[in-house]
Each structure stands twice: as structure tokens, then as C-alpha cells.
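Analysis of the macromolecular model
Listed below, chain by chain, are the residues.
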Amino acid sequence: MSPARGSDEWFARRTYRALDHHPYEVAARKMESELTVSVVIPARNEAATIADVVSMVASLPEHVVDELVVMDGGSEDATAERAAAAGARVHRDTAILAEHQPSLGKGDALWRSLAVTSGQVVVFVDADLHKPDPALVWGLLVPFLAEPEVQLVKAFYERSVGDRGSAEEGGGRVTELLARPLLNLFWPELAAVVQPLAGEYAGRRSLLEQLPFFTGYGVEFGLLVDTFAHAGPEALAQVDVGERIHHHQPLPDLSRMAATIAQVAMHRLAAEGRIDPTTLFRDGEIPRSLTQFVRDSDDRVESVHHDVGVRERPPIAQVLDSLA
Ligand SMILES: O=c1ccn([C@@H]2O[C@H](COP(=O)(O)OP(=O)(O)O[C@H]3O[C@H](CO)[C@@H](O)[C@H](O)[C@H]3O)[C@@H](O)[C@H]2O)c(=O)[nH]1
Ligand SMILES: O=C(O)[C@H](O)COP(=O)(O)O
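Thresholds, definitions, all that
- Residues numbered from 1 in each chain as written.
- Chains lettered and ligands numbered in written order.
- Predicted model: local features only at pLDDT ≥ 70, side-chain atom pairs only at ≥ 80, totals over all residues.
- Heavy atoms only, no water.
- Near = heavy atom within 4 Å.
- Polar contact = N/O pair within 3.5 Å; in protein donor to acceptor, adjacent residues only side chain to side chain.
- Helix = DSSP H or I, 4+ residues; strand = E, 2+ residues; numbered from the N terminus.
- Nonpolar A, V, L, I, M, F, W, Y, C, P; charged D, E, K, R; others polar.
- Contact = heavy atoms within 4.5 Å.
- Buried < 20%, exposed > 50% of the residue type's maximum accessible area, 1.4 Å probe, protein only.
- Pairing = 2+ DSSP bridges.
- Right-handed = clockwise from strand over helix to strand, strands pointing away.
- Phe/Tyr/Trp six-rings, centres within 6.5 Å; stacked < 30°, edge-to-face > 60°.
- UniProt positions renumbered as here; feature names shortened; annotations may be inferred.
- Areas by Shrake-Rupley, 256 points an atom, 1.4 Å probe, with all protein chains shown as cover.
- Core = buried A, V, L, I, M, F, W, Y, C linked by side-chain atoms within 4.5 Å.

1. Topic: the site of ligand 1
Within the structure, ligand 1 sits among 17 residues, and Glu 46, Lys 106, Asp 126, Tyr 217 and Glu 220 are positioned closest to it. One of the side-chain nitrogen or oxygen atoms of Tyr 217 is found 2.7 Å away from an oxygen atom of ligand 1. Within the side chain of His 246, an N or O atom sits 3.1 Å from an oxygen atom of ligand 1. Contributions of two or more residues to the shell around ligand 1 are made by β2 (37-43), α5 (105-113) and β10 (236-246). Grouping the amino acids of the shell around ligand 1 by side-chain chemistry returns six nonpolar, four polar and seven charged.

Structure below.
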């Protein structure tokens, strides 16, 4: 074991437990503080689970949530219809800020959601959760109500069981094999964030509107390191919300997700002047391609090249100002 690090002190100060609180207490304190809260659920082909996630939010005590939006990322199944039937306002991501096309995955959907919501705190919740616990929403509000300095709150949880593996095997393959090692290497102050890729997190609008958003699955890693750079460690907090069970993507899909996150890390290290792409990469630019392998119908292995490059959407405040 290594000696204690600075991130341990942050962990001790900024780690909360939903168990120590109650949703009615949160509702009362939120009313007192006059904070308003929007919940945004990004969803693409999540017909199997979206209604349960929307219903979980709708089941929260009165006054916890002021607005509930599902961002439909072009689902080909009944996601949008089921979300609406369960009580959410549904937006198709491409219909928002339509001049910024195409809409590039989850990060783009979250970025666009800021243009159609108004809560002072925006809570993001994934749509692929099984038996979602309402603490995933109300628990995230606890640090905002306790500490005015807090601007971004990540959920953490036991992640396991579900439809793959045991609690011991655990989940979070991209987290454990890429995101956590990267943070420890390059952003050691963020090493104490238990679930850096958690899709359940909340930010103050005043922060989120000032940050760029990476497209696709780069959004969480980007928001985490950017919040740290923009506002420092005291702006971050995390909450233990119990257990979370989600749909597990196949390994090749997660490999592309990991490549996207590696891109985000390279972009930020380059922007901070900590690496020099002109000397580090052959063409002087961060390569955008990931080669994977598939078997064809003759049982031959062939390579497939995927573009895993990310784009950054500008801070939405700039975009909305230019439209005003
Ligand atoms: O183009 C897309 C792809 C996904 N989603 C939704 O985004 C959420 C998370 O996607 P998922 O495929 O379940 O991600 P995970 O494999 O669980 O990946 C983890 O790691 C990602 C990278 O940080 C995070 O975005 C996720 O929230 C986090 O759960 C789900 O509601 C999806 O329906 C979209 O809205 N649009
Ligand atoms: O956070 C992660 O690493 C991804 O969501 C993958 O999680 P899984 O290994 O539990 O599917």
C-alpha cells in the first residue's frame, strides 16, 4: 500500500452516502433553498427499460424534480413512445439546435438537452438501468444542498451482478481497464473518484453551460477533467447510492468506447500543453482510427477500421447567446 495522497483528503471531504439521508429531507431542503432540478435521460434503443427509469423519477417525492426530459438518440424501437407514455417529455436530439448536425451520440444529446431544460441543477440518468433506485436521483442532490461550492456530483455504486458476472467479478470494464489508470497517471487528483464514467451525475447549469461537451461516450471523462481544470477539486463531489444494474455492452463496443475516451485524454493533454501531438504522433495529429477484427462468412478474419475520433461542442452558453 502506498502512503495517503491528496486525493484521499478530497475523498474524505467530498464523499457522501445516500443512506445517511432521506428523500423527504432532500425535498424539504430543496424547497427551502429554491433550487430547481431537471432530470435528463439520454436513450437510444432502450425500449426494454426506459419506462421503468422514467417511472422511477416520477415516483420521487413531490418537489424533488421540476422537469423530466428524455433525449431520444434516434431509437429504432419503441423507446420514445414508452418514455412519453410513462410521463416524460421526449425530444429527438436532432430536432434541437438543428443547425449543428449530425448529432453525435450520447455527449451530443446531453449537450443539446441544456437548450431545452431550465433547472439550476441538471441530473443525467442512463436509460438502461434494471430496477433503478430513486437514490440515483435524489442522492445526487445532497451535496448541492450541503455545499454551495459543489458544481458537479458523480454517483457511485456497487456495479455487478445484472446479466453478467458476479459481484466479485464486478462490472465497469472500461472504467477499470482504462479510465481509472488514465486518471491515476495524468490527473492523480481525480484518482479518488470512484466511478468516473458513471452515467448518473448532476451539474449546476452555471457550470455545464460554460463547459465544452465531447461527443459520444467521451462526454463523462471530458466533463470530469474539465470541471477539475475549470473549478478545482472542491467543485466535485460523489455520492454512494447503493447498487446499480445495467445492460452490459459486448467487448468490441466497449473497446470503441475506450478508444473514444483515450482520444479525449489525448485532446486534453495536448490542450494543456502536456503532450505535443506534432512529435508524439506520426502525422502530427491524434489518430482517429481503431482497427478491430471480425470473421466473415468463410470463417476468415478480416479487419474493420472504425473512426473513434471525438468532436467538442462549444459551451452551450456561447451557442445560445449567438442565437439570442
Ligand atoms: O448514441 C447513443 C448511445 C447511448 N445513449 C444512451 O446513453 C446511456 C449510456 O449508454 P450505455 O451504452 O448504457 O453506456 P455504458 O456501456 O453503460 O457506459 C458507461 O460509460 C459511458 C462512457 O463514459 C457512459 O456514457 C455511460 O453512462 C456509462 O454507463 C444509455 O441510456 C443509452 O441509451 C444515447 O443516448 N445515444
Ligand atoms: O463503466 C464502464 O466501464 C462501462 O459501463 C462498462 O461496464 P460493464 O463492464 O459493467 O459493462
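2. Overview of unusual backbone geometry
Of note, the bond from Gln 101 into Pro 102 is cis; its omega dihedral lies within 30 degrees of zero at -10 degrees. Secondary-structure assignment places Pro 102 in the loop between β4 (89-92) and α5. Here Leu 97, not a glycine, exhibits a phi torsion of approximately 50 degrees, which is positive. Positionally, Leu 97 belongs in the loop between β4 and α5.

3. Quick word on the side chain of Ser 7
The residue Ser 7 is located in helix α1 (residues 6-14) in this model. Residues in contact with Ser 7, not counting those within four places in the same chain, are Pro 188, Glu 189, Ala 191 and Ala 192.

4. Considerations on the pairing of strand β3 (residues 67-72)
Of all six residues in β3, six are buried, a share of seventy percent or more. Both faces of β3 are covered, namely the face carrying Glu 67, Val 69 and Met 71 and the face carrying Leu 68, Val 70 and Asp 72. Where β2 lies against β3, six bridges are found, and the strand directions are parallel. Note that in β3 the partner of Ala 43 across the bridge is Asp 72. The sheet contact formed by β3 and β4 spans four bridges and is parallel. Pairing of Asp 72 across the sheet is with Arg 92, part of β4. Read from β3 through helix α4 (residues 79-85) to β4, the crossover connection turns out right-handed.

5. What to know about the packing of aromatic side chains
Each aromatic ring pair is characterised by the separation of its centres together with the angle its planes make. Applying the stated criterion across every chain, the model contains three aromatic pairs. When the ring of Trp 187 is compared with that of Phe 221, the centres are 5.7 Å apart and the planes differ by 80 degrees; the resulting orientation is edge-to-face. With Trp 187 in the loop between α7 (173-186) and β8 (201-204) and Phe 221 in helix α9 (residues 219-231), this pair connects stretches of sequence that are 34 residues apart. Of the two residues, Trp 187 and Phe 221, neither departs from the other in class, the shared state being buried.

6. A look at the UniProt feature "domain: Glycosyltransferase 2-like" (unreviewed entry) in the chain
UniProt tags residues 38-157 as "domain: Glycosyltransferase 2-like" (unreviewed entry). Measuring from the first to the last C-alpha atom of residues 38-157 gives 22 Å, for a span that is 31% helix and 23% strand.

7. Here's the deal with the site of ligand 2
By nearness alone, ten residues border ligand 2, and Gly 172, Arg 173, Val 174, Thr 175 and His 248 come closest of all. Within the side chain of Arg 173, a nitrogen or oxygen atom sits 2.7 Å from an oxygen atom of ligand 2. Measuring from an oxygen atom of ligand 2, one finds a backbone N or O atom of Thr 175 at 2.8 Å. Considered on its own, ligand 2 offers 310 Å² of accessible surface; in the complex 93% of this is hidden by protein. Here the element with the most residues in the shell around ligand 2 is α7; it accounts for three residues.

8. Some remarks on the pairing of strand β7 (residues 152-159)
Most of β7 sits out of view: seven of its eight residues are buried. Note that β7 and β8 share three bridges and pair antiparallel. When the sheet's bridge partners are listed, Lys 154 is paired in β8 with Tyr 201. Where β7 and β10 come together, seven bridges link them in parallel fashion. Looking at β10, one finds that Phe 156 is bridged to Asp 240.

9. Considerations on the nonpolar core
Ranked by internal contacts, the top residues of the largest apolar core, which has 46 residues, are Trp 187, Leu 190, Phe 213 and Phe 221. With seven residues, the top contributor of residues to this core is helix α10 (residues 251-271). Residues within four places of Phe 213 in sequence aside, it is in contact with Gly 107, Leu 110, Trp 111, Leu 114, Leu 208, Val 219, Leu 223, Arg 311, Glu 312 and Arg 313. Judged by nonpolar contacts, the second largest core, of 43 residues, contains Tyr 16, Val 26, Val 70 and Ala 237.

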